[in-house]
Amino acid sequence: MILLSACEPERPKAAAATASAEPAPQAAEAPEAKPINALVGKPAPDFTLKGLDGKPVHLAALKGKPVVLDFWATWCPSCIKLLPRVQKLHREMGGRVIVLGVNDEEPAKIKAFLDENNLTVPQVMDSADEAGKAYSVGIIPFTVFIDKNGTIKAVHEGINLDHDLYADLKGEVDKLL
């Protein structure tokens, strides 16, 4: 048996319909999500997002080094279980690999969570869900492994509780080096 764990990201909710005789307007359909394996082998969608320090982080500017993107949230138990392993990866391989957390919550909330848990992984704020949509994030944690040329080499959706989570992360990063 394989035990998987994941959280569904909170998305902005449509305004509640008011009572009226007219039918509520239909929201435009979201583009169909790409299966995660459809991302592998493709160029990583570019983005420019602000870091916790307010400075812009442009993904394309990171070409030349492998990048790991970890989409997560403070309210997600699976994300919280994975974060210490992401921190270890950042600490042990930070000189050779760029590790970025991607979060759509308020910066103050993220900073407080990171401080409380002694986490130093650099973060980018995806408050408009720009990166989440570009990468078709369906559940979190959602981890994307990008090689030095900007090509997606692997995507992990959720976590496998039957595996050594750090070994899974490091194994993917070793393939990028």
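Structure shown above.
Counting restarts for each chain: residues are numbered from 1 in the order of the written sequence. With the structure being a predicted model, the display of local features is reserved for residues of pLDDT at least 70 and the display and counting of side-chain atom pairs for 80 or more, all residues being used for whole-chain, interface and lining totals. Only hydrogens and water are set aside when side-chain values are computed; all heavy atoms of the structure are taken into account.

## A few points about the overall build of the protein
What counts as a helix is a DSSP run of H or I of at least four residues, what counts as a strand is a run of E of at least two, and both are numbered from the N terminus. Assigned secondary structure in the protein consists of five helices and nine strands. Listing the helices and strands of the protein from first to last along the sequence gives β-α-β-β-β-α-β-α-β-α-β-β-β-α. Classification of residues uses two cut-offs on accessible area relative to the type maximum, computed with a 1.4 Å probe and protein chains only: under 20% is buried, over 50% is exposed, and between them is partly exposed. In the protein, which comprises 177 residues, the share counted as buried stands at 42%. If you take every contact in the protein between residues at least 6 apart in sequence, the share linking residues at least 24 apart comes to 71%. Any two residues whose heavy atoms approach within 4.5 Å are treated as being in contact.

## Focus on the environment of Leu 119
Along the chain, Leu 119 turns up in the loop between helix H3 (107-116) and strand S6 (123-125). We classify Leu 119 as buried; its relative accessible area is 13%. Taking the C-alpha atoms as reference points, Leu 119 and Val 86, 33 residues apart in sequence, are found 9.2 Å from one another. Excluding residues within four positions of it along the chain, Leu 119 makes contact with Leu 83, Gln 87, Phe 113 and Leu 114.

## Looking at the sheet that holds strand S5 (residues 98-103)
Strand-to-strand pairing in sheets goes through backbone hydrogen bonds, with the strands running parallel or antiparallel. An order of S3-S2-S6-S5-S4-S7-S8 is seen for the seven strands of this open sheet, with the pairing classed as mixed. A single partner strand is all that each edge strand has here, and the edge strands are strand S3 (56-58) and strand S8 (152-157). Across the sheet, the mean angle separating the axes of adjacent strands is 30° when strand polarity is ignored. Pairing between strands is defined by DSSP: at least two bridges between them are needed. For strand S4 (residues 67-71) and strand S7 (residues 142-146), the ladder comprises five bridges, and the chain directions are antiparallel. Pairing of Val 67 across the sheet is with Ile 146, part of S7. The strands touched by helix H5 (residues 165-176) within the sheet are S4, S7 and S8, with S7 carrying the most contacts at an inclination of about 20°. All axes are obtained by fitting lines to C-alpha atoms, using only the stretch in contact for helices, and the reported angles, taken between N-to-C directions, cover 0 to 180 degrees.

## Re the pairing of S5
For a regular strand, side chains alternate in direction, first toward one face of the sheet and then toward the other. The buried fraction of S5 amounts to five of the six residues, a majority that puts the element mostly inside the structure. Pairing of S4 with S5 involves five bridges; the strand directions are parallel. By the bridge assignment for S5, Asp 70 is matched with Gly 101. Here is how to tell: hold the view so the strands point away, follow the path from the first strand over the helix to the second, and if it runs clockwise the crossover is right-handed. For the crossover that starts at S4, traverses helix H2 (residues 77-93) and ends in the parallel S5, the hand is right-handed. Direction of pairing for S5 relative to S6: parallel, over a ladder of three bridges. Bridge assignment links Val 102 to a residue of S6, and that residue is Val 124.

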